[in-house]
Amino acid sequence: MSASVRIPTPLRPLTGGAAEVPVAPGPLSAVLTELDASYPGLGERVLDESGALRRFVNVYVGDDDVRFLSGLDTEVAEGASVSIVPAVAGG
Amino acid sequence: MTATLDPPRVTSLRCRECGADYPAGPTHVCERCFGPLAVSYAPFTVTREEIESGPASMWRYAAFLPCAPRVDLGAGFTRLVRADNLARALGMRDLWVKDDSGNPTHSFKDRVVSVAASKAVELGFTTLACASTGNLANSVAAHAARAGLRAVVLVPSDLEAGKIVTTAVYGQTLVAVDGSYDDVNRLCAEVADDLPWAFVNVNLRPYYAEGSKTLGYEVAEQLGWRLPRQVVVPVASGSLLTKVDRAFRDLVAHGLVDDTGYAVYGAQSAGCNPVADAFANGWETCRPVRATGIAKSLAIGNPADGPYALEVARRTGGAVADVSDDEVVAGIRLLAETEGIFGETAGGVTVATLRRLLGEGRLDADVTTVLLNTGEGLKTLDAVAPHVGPTVTIEPSLAAFRKAGLGA
């Protein structure tokens, strides 16, 4: 078993076109570290120089925006689905 | 005689964060940094006379828009009302209401949808889609009907009944989602990746947002080609506020108005105030909130243009503030009772915020001020229905009429 991450279009060139990729469960920060190891360059697209989420990236674990949870410390459980979604939409 | 100006040449979509350029297609997010893309134009010139000889619609400003008017219900060039009664009630000297409830589907959203639908046709799409708090849903469904396109409109299931009916009547696909607007928006952002649809406020958002500029151009033209000193704008995503600022700067840059300076004020409700909260706290970005309250058309807890709206309010010497639901209802009633204009909840938010900022001395009562009423009160009857009703109910007789004291 594992968790999964949904990859938005702008990042799919890094995942070889894959829209969803498996990851090991753990804190969101560890999930992103693993993603960057598997798909080099992905981390810097999601995180800024200080290691925080970029201001135009929303990350969800299940149905919830991680900013309503524990941010990068949010636990990604076995079987959970993480979504990386561009923030710029709507209005 | 009317003549529609040729639209200018769109040169690229440019990231507002990192400046990367992309071909002008159906895309809205920078692949490098996730920043929003905005339309870049080749240099052009335009005169007041050319604009004035155009149609009595937003398309008289085609010179500033990213496409030709392929889908047009007649949005824009709504009335600018001199609001002396409201001004007197608020102790102001020169107040105007730009009444965008007069648009074809009764909100300013017809401006953005006319541009987005036109661009969608130009790009070869046959399905229009959107996430909406109601007004956009009305407008997308209506424009799709007119253009012979298919529409798929997604809204939160708890919207006002008025906004459901006024979308459903156009016979398009209306999807009620059991969630907040932010939930609906996230869903659309995810499905837009995998569908060949023109989501007006997702993959066509750079073009769509350009339509809002026409509100700013019209205000200046209708004031006699001058900028107001203050403008009060309702804030949901923050896009409208940033585009009104863009419009004023465009007019100055093209020599169409004098650079007299202006301040932009943003209005939110206390139930959904991420931009006002960030303004008050001096933050550069917004902390998302879970939206509550009666101002559902402004219920975006995670505003895409929040950082830019903050930048505009600060740069121009304006502010972003929020008001309670009680103040919103009082604002709707005040506008109706003084000017005969029945605005929706967003209009009430804007009137109430103007009143609050005046009371706090943060807005000047003596200079030309324009208030944007972006929608129609008939769509949000639920908000005021508990507060107004018949003065008296009587039998149909002269005696009953007199007994009720109505002959006095």
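Preceding this section is the structure that the text describes.
How each quantity is defined
Residues numbered from 1 in each chain as written. Chains lettered and ligands numbered in written order. Predicted model: local features only at pLDDT ≥ 70, side-chain atom pairs only at ≥ 80, totals over all residues. Helix = DSSP H or I, 4+ residues; strand = E, 2+ residues; numbered from the N terminus. Rg over C-alpha atoms; globule rule 2.2 N^0.38 Å. Buried ≥ 20, exposed ≤ 12 C-beta atoms within 10 Å, placed from the backbone. Contact = placed C-beta atoms within 7 Å. Core = buried A, V, L, I, M, F, W, Y, C linked by C-beta atoms within 7 Å. Pairing = 2+ DSSP bridges. Nonpolar A, V, L, I, M, F, W, Y, C, P; charged D, E, K, R; others polar. Axes fitted to C-alpha atoms, helices over the stretch in contact; angles between N-to-C directions. Arc of directions from axis to C-beta.

Remarks on the overall build of chain A
Reasoning step 1: Along the backbone of chain A there are two helices and seven strands.
Reasoning step 2: Of the regular secondary structure in chain A, the N- to C-terminal order runs β-β-β-α-α-β-β-β-β.
Reasoning step 3: Its C-alpha radius of gyration of 12 Å places chain A within 12% of the 12 Å reference for a compact globule of 91 residues.
Reasoning step 4: C-alpha extents for chain A along the principal axes are approximately 40 × 30 × 25 Å.
Reasoning step 5: Looking at chain A residue by residue over its 91 residues, the buried ones come to 33%.
Reasoning step 6: Across chain A, contacts joining residues at least 24 apart in sequence account for 50% of those joining residues at least 6 apart.

Observations regarding the nonpolar core
Reasoning step 1: B:Val140, B:Val233 and B:Tyr265 are the most contacted members of the largest nonpolar core, which totals 148 residues.
Reasoning step 2: Ignoring sequence-local partners within four residues, the contact set of B:Val140 consists of B:Val113, B:Leu128, B:Cys130, B:Ala151, B:Val153 and B:Val200.

Looking at the sheet that holds strand E6 (residues 127-131) of chain B
Residues and elements named next belong to chain B.
Reasoning step 1: The strand order across the open sheet formed by four strands is E8-E7-E6-E9, and the pairing between neighbours is parallel. Across the chains shown, the open sheet's two edge strands, defined by having one partner strand only, are strand E8 (173-177) and strand E9 (198-199).
Reasoning step 2: The pairing of strand E7 (residues 150-156) with E8 spans five bridges and is classified as parallel. Note that in E8 the partner of Leu 154 across the bridge is Val 175.

A few points about the interface of chain A and chain B
Reasoning step 1: Taken together, the contacts link 21 residues of chain A with 29 residues of chain B.
Reasoning step 2: By residue class, the composition of the side of chain A that touches chain B is 10 nonpolar, five polar and six charged.

Considerations on the sheet that holds strand E4 (residues 57-61) of chain A
Strand pairing in a sheet is mediated by backbone hydrogen bonds. Such pairs are either parallel or antiparallel.
Reasoning step 1: What the five strands build is an open sheet, ordered E2-E1-E7-E4-E5 (chain A); its pairing is mixed. Each edge of the sheet is formed by a strand with only one pairing partner; in this case those strands are strand E2 (20-23) and strand E5 (64-65) of chain A.
Reasoning step 2: Relative to the sheet, helix H6 (residues 181-191) of chain B contacts strand E1 (3-6), E4 and strand E7 (81-86) of chain A, its axis offset from that of E7(A) by approximately 85°.

Side note on the pairing of strand E5 (residues 95-99) of chain B
All names here are of chain B.
Reasoning step 1: Counting buried residues in E5 gives five out of five residues, a clear majority hidden from the surface.
Reasoning step 2: The pairing of strand E4 (residues 80-82) with E5 spans three bridges and is antiparallel. Looking at E5, one finds that Arg 82 is bridged to Trp 96.
Reasoning step 3: Across five bridges, the pairing between E5 and strand E13 (residues 369-373) is parallel. Looking at the pairing, Val 97 lines up with Leu 371 of E13.

Description of helix H1 (residues 28-38) of chain A
Reasoning step 1: Listed in full, the buried residues belonging to H1(A) are A:Leu28, A:Val31, A:Leu32 and A:Leu35. Within H1(A), the buried residues cover an arc of 95° as seen down the axis, which keeps them to one side.

Quick word on the environment of B:Glu160
All names here are of chain B.
Reasoning step 1: For Glu 160, the location among the structural elements is in the loop between E7 and helix H5 (161-168).
Reasoning step 2: Residue Glu 160 is classed as buried on the basis of its C-beta count, with 20 C-beta atoms lying within 10 Å.
Reasoning step 3: C-alpha of Glu 160 to C-alpha of Thr 133: the two residues are 27 residues apart in sequence and 9.4 Å apart in space.
Reasoning step 4: Those residues within four positions of Glu 160 in sequence are excluded, and the remaining contacts are Gly 134, Lys 296, Lys 379, Thr 380 and Asp 382.

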